[in-house]
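# Inside the fold
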Amino acid sequence: MSAPSTSPLRGWLLLGGIGVCALGIGAATRTLNADAKVVFVNGLDVPVTVTAGSAHFTIGANSHHRWQLPIGPLEVDIQGKQGRLSQETVLLTGEEGLFVYNVLGAAPLYKTTVTYSVNRPSSQSDAPPRVLAGTTFQHVGRVDYMLTEPPERITMRKEDGRSTMRTHLGRAKGGWKSSYGWLMSLHRTEDAARLTEGIWKALPDTPEVEYAATAAKLMAAREEGLLASLAASRAHRDANPEDMDVQRMWMHDMRRAGRIDDVRAHYQAAVEREPGSLLLGILLARLEPEPAGTERLNALMRDHAGEPLLRRALAVRHTRQQRWAEALPLLEAMEQGDPDYARYLSTHVETLVALGRRKEAARKLSEHLLRLKDEMDRLDLNDVLLYARVVGHASQEGSANEAMRQLVENAQKDRPEGIVAVWLAASLGQQVDAEKLRAVPPEYGLAGAARVLMALAEEPEFAARAAASADFLGFRQLDTETGILLAAEFERLGDAALAVKMLDVSNADLGYGELQDVLRGKLPVDSLTTLDWGERAALHLVLARQLDARGQDSKAAYALVKKAVLLPGAVSIALQNWDRPKASNAVAGDSVP
């Protein structure tokens, strides 16, 4: 008699990086064996040589090797092409079952239980897998299926009754990137930093490993608090004085701390010391109001004509000030020869939309993405969302929507069924397939984002409940337009703590003090030169709602919001669905976090 198995993986495991409950290990049965069973797993793309006690062997890239070793202390030395990767002493006890040594913790290993039942359909187990990535040495106990897929059916014995369980040691796809994603999503950021630093030693010519290591260290500092985050970003700035992105990261943290005036003074002094520095001039211009910032960039352009870094800065400055016609020729020039153009494609597309050339924008974007999907494993979700926003829907039905169908199909790879389409619909304020959303664990990033957006489409109070538990990692699929809209509305309603949190987790380039000044009428929205059209529209909408609450005429304010909205998103959803506040005696912005 045979029985079908349950699937050992839930939807979150396909992507890697969704929350997992910690599983305690009870007291294990001792055996009288003199040797312990150890499987060594290499999750790197290069071979490694292992010395474990008296054993010496090589494990190929993304391979494993099983060995029997004496119980007791065991010294393990791992060597790669670049030399020693790690050296440590582990303890092999007499506990029953299998020990796992995961080189650098890189392989995305997990342990789960497979249930086989008689005459019952397969079903997902509610117990989450035990994630083994990020740790080098662990005792995993009994394993029935080691690094191989469990069979769909097994022959049941009489003593098994109507169901029986088997244990599975599995390895997910994606290599070290999946392990890194899991650790980051579990907020094991220090483990993620150690993992990527170790991998960087093994793969020193892999820029994405270096980037991941830096991101993990900065995230670990961020979770310690603002002061730790500031110290980390400043150290990173000092170590990378010519890196624009690193400089902007420090600027962002200083803005979070309410110290943007200190940043401006820092770059002003730096420009005075090095007046010929293009990078410092661009960074200072970013902090200057209009027209000083644009004048500085234009002056630099006259002296450095054709410089890509400067062209990018000026194009973005023009779009921030909604000078779309001035931005377009710069973006067209970037398209022809700037190696970093892909990062500015969305700016180019939005510029075309603002100039009334939406069909051209949709065609340009779809051609780029359809070409790109054949060159990479999976498209960036934000690019697919941008296309949906430009065409105004996420429908995949009919020949007219063939491009959308192909893009969604590509982005859907290795993700829970239908979740990309659900997230896109929620992002546009359109009807969501609730059944497909219910089938995805709520802690899954896209599902969590979809739920926040669906709550936002009801009323701010619903959105507050949905967003209250969001963190920096969980907010990745919600843009800064959403973050600023929620922060401003929560501040208007008097919930300063939630307003501060929304600014923080959304990574918005807006400090809490600046938000307060906007709502108090001390700081014009248009003076915030680092905000894009969607972020400004969000602030304008809350200012319009503030006029409603005060019983003042808001007609012109709402007209300004509608004019500012280029593409559907959080602001258009709120405009369509939120009831206007009724006049009260409440005063916005007089609370503090």
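Rules behind the numbers
- Residues numbered from 1 in each chain as written.
- Predicted model: local features only at pLDDT ≥ 70, side-chain atom pairs only at ≥ 80, totals over all residues.
- Heavy atoms only, no water.
- Helix = DSSP H or I, 4+ residues; strand = E, 2+ residues; numbered from the N terminus.
- Rg over C-alpha atoms; globule rule 2.2 N^0.38 Å.
- Buried < 20%, exposed > 50% of the residue type's maximum accessible area, 1.4 Å probe, protein only.
- Contact = heavy atoms within 4.5 Å.
- Polar contact = N/O pair within 3.5 Å; in protein donor to acceptor, adjacent residues only side chain to side chain.
- Expected span 1.5 Å × (residues − 1).
- Axes fitted to C-alpha atoms, helices over the stretch in contact; angles between N-to-C directions.
- Parallel < 35°, antiparallel > 145°, perpendicular 65-115°, else oblique.
- Left-handed = near helix turned anticlockwise from the far one by under 90°.
- Pairing = 2+ DSSP bridges.
- Core = buried A, V, L, I, M, F, W, Y, C linked by side-chain atoms within 4.5 Å.
- pLDDT = per-residue confidence, 0-100.
- Phe/Tyr/Trp six-rings, centres within 6.5 Å; stacked < 30°, edge-to-face > 60°.

## Let's talk about the overall build of the chain
Summing up its helical and strand segments, the chain has 25 helices and 14 strands in all. Computed over its C-alpha atoms, the radius of gyration of the chain comes to 27 Å, within 12% of the 25 Å expected for a compact globule of 593 residues. Taking the principal axes of the C-alpha coordinates as reference, the chain spans close to 80 × 60 × 50 Å. Counting every position in the chain, which comprises 593 residues, the buried fraction comes to 51%. Here the analysis covers contacts within the chain between residues at least 6 apart in sequence; of these, 64% occur between residues at least 24 apart.

## Details of the side chain of Ser-229
Locating Ser-229 in the fold gives a position in helix α5 (residues 226-239). On the basis of relative accessibility, which here comes to 4%, the residue Ser-229 falls in the buried class. Polar side-chain contacts of Ser-229 include one of 3.4 Å to the side chain of Arg-256. Ser-229 has contacts with Ala-221, Arg-222, Asp-253 and Arg-256, leaving out every residue within four places of it along the chain.

## A closer look at helix α4 (residues 207-224)
In this model α4 runs 26 Å from its N-terminal to its C-terminal C-alpha over 18 residues, within 8% of the 26 Å that 1.5 Å per residue would give. As for α4, its buried residues are in contact with α2 (176-185), α3 (189-202), α5, α6 (244-256) and α21 (496-505). Positive backbone phi, at 135°, marks Gly-225, one or two positions downstream of α4.

## Observations regarding the packing of helix α23 (residues 533-549) against helix α24 (residues 555-564)
Taken N-terminus to C-terminus, the directions of α23 and α24 make an angle of 160°; their axes are 9 Å apart at the nearest point. Overall, the two elements α23 and α24 adopt an arrangement that is roughly antiparallel. Relative to α24, the crossing made by α23 is left-handed. Packed against α23, whose contacting residues are Trp-533, Ala-537, His-540, Leu-541, Ala-544, Arg-545, Leu-547 and Asp-548, the element α24 presents Ala-557, Tyr-558, Leu-560, Val-561 and Ala-564 at the interface.

## A word on α3
For α3, built from 14 residues, the straight-helix expectation of 20 Å at 1.5 Å per residue is met to within 8% by its first-to-last C-alpha distance of 20 Å. All of the buried residues in α3 are Thr-189, Asp-191, Ala-192, Ala-193, Leu-195, Thr-196, Gly-198, Ile-199 and Ala-202. On the buried face of α3, the contacting elements are β7 (83-92), α2 and α4.

## Overview of the pairing of strand β8 (residues 98-102)
For β8, the tally of buried residues reaches five of five residues, placing the bulk of the element in the interior. The side-chain alternation of β8 yields two buried faces, one formed by Leu-98, Val-100 and Asn-102 and the other by Phe-99 and Tyr-101. Direction of pairing for strand β2 (residues 35-41) relative to β8: parallel, over a ladder of five bridges. Of the residues in β8, the one forming a bridge with Phe-40 is Tyr-101. Where β8 lies against strand β11 (residues 137-141), four bridges are found, and the strand directions are antiparallel. Paired with Val-100 across the strands is Gln-138, a residue of β11.

## Some words on the pairing of strand β14 (residues 163-171)
Across nine bridges, strand β9 (residues 109-117) lies against β14 in antiparallel orientation. Residue pairing across strands places Tyr-110 opposite Gly-170, the latter belonging to β14. The sheet contact formed by strand β12 (residues 145-146) and β14 spans two bridges and is parallel. Across the sheet, the residue bridging to Met-146 is Leu-169, located in β14.

## Some thoughts on unusual backbone geometry
Going from Glu-290 to Pro-291, the amide bond is cis rather than trans, its omega being 0°. Of note, Pro-291 is situated in the loop between α8 (278-287) and α9 (292-303). Of note, Gln-322 is a non-glycine position whose phi angle comes to about 60°, a positive value.

## Thoughts on the nonpolar core
Ranked by internal contacts, the top residues of the largest apolar core, which has 121 residues, are Tyr-267, Ile-419, Leu-424, Leu-485, Met-502, Leu-515 and Leu-539. By size, the runner-up hydrophobic cluster in this structure holds 38 residues, among which are Val-103, Tyr-180, Ala-193 and Ala-216.

## Remarks on the confidence of the model for the chain
Summarising the model, the chain shows a mean pLDDT of 89, and 91% of its residues fall at 70 or more. The low-confidence segment residues 1-32, where pLDDT is below 50, has 94 contacts with residues more than four positions distant or belonging to other chains.

## As for the packing of helix α14 (residues 381-391) against helix α16 (residues 419-428)
Across the interface, α14 lies against α16 with an axial gap of 10 Å and an inter-helix angle of 50°. On the basis of the axis angle, α14 is oblique to α16. Handedness of the α14/α16 crossing: right-handed. The residues of α16 that touch α14, namely those facing Leu-381, Val-384, Leu-385, Ala-388 and Arg-389, are Val-420, Trp-423, Leu-424, Ser-427 and Leu-428.

## Things to note about the side chain of Thr-347
With respect to the helices and strands, Thr-347 occurs in helix α12 (residues 345-354). For Thr-347, a relative accessible area of 13% gives the class buried. The residues touching Thr-347, leaving out its near neighbours within four places in the chain, are Thr-319 and Leu-331.

## Some words on the packing of aromatic side chains
Applying the stated criterion across every chain yields a total of six aromatic pairs. A centroid spacing of 5.2 Å and a plane angle of 70° characterise the contact between Phe-40 and Phe-57, whose relative ring orientation is edge-to-face. A residue pair is termed long-range when its members are at least 10 positions apart, and Phe-40 in strand β2 and Phe-57 in strand β4 (residues 55-59) qualify at 17 residues. By relative accessible area, which is 7% here, Phe-57 ends up buried. Between the aromatic rings of Trp-250 and Tyr-267, the centroid separation amounts to 5.9 Å while the plane-to-plane angle is 70°, which identifies the pairing as edge-to-face. With Trp-250 in helix α6 and Tyr-267 in helix α7 (residues 260-273), the pair connects residues that are 17 residues apart, well separated along the chain. Each member of the pair, Trp-250 as well as Tyr-267, is classed as buried. Here a set of aromatic residues connected by ring pairs shows up, and it is made of Phe-40, Phe-57, Trp-67 and Tyr-101.

## Thoughts on the sheet that holds β4
The antiparallel open sheet is built from four strands, whose spatial order is β4-β3-β6-β7. Looking at the sheet topology across the chains shown, the edges are occupied by β4 and β7. Ignoring strand direction, the axes of neighbouring strands in this sheet form an average angle of 20°. Both strand β3 (residues 48-52) and β4 contribute to a ladder of five bridges, which runs antiparallel. Of the residues in β4, the one forming a bridge with Val-48 is Ile-59.

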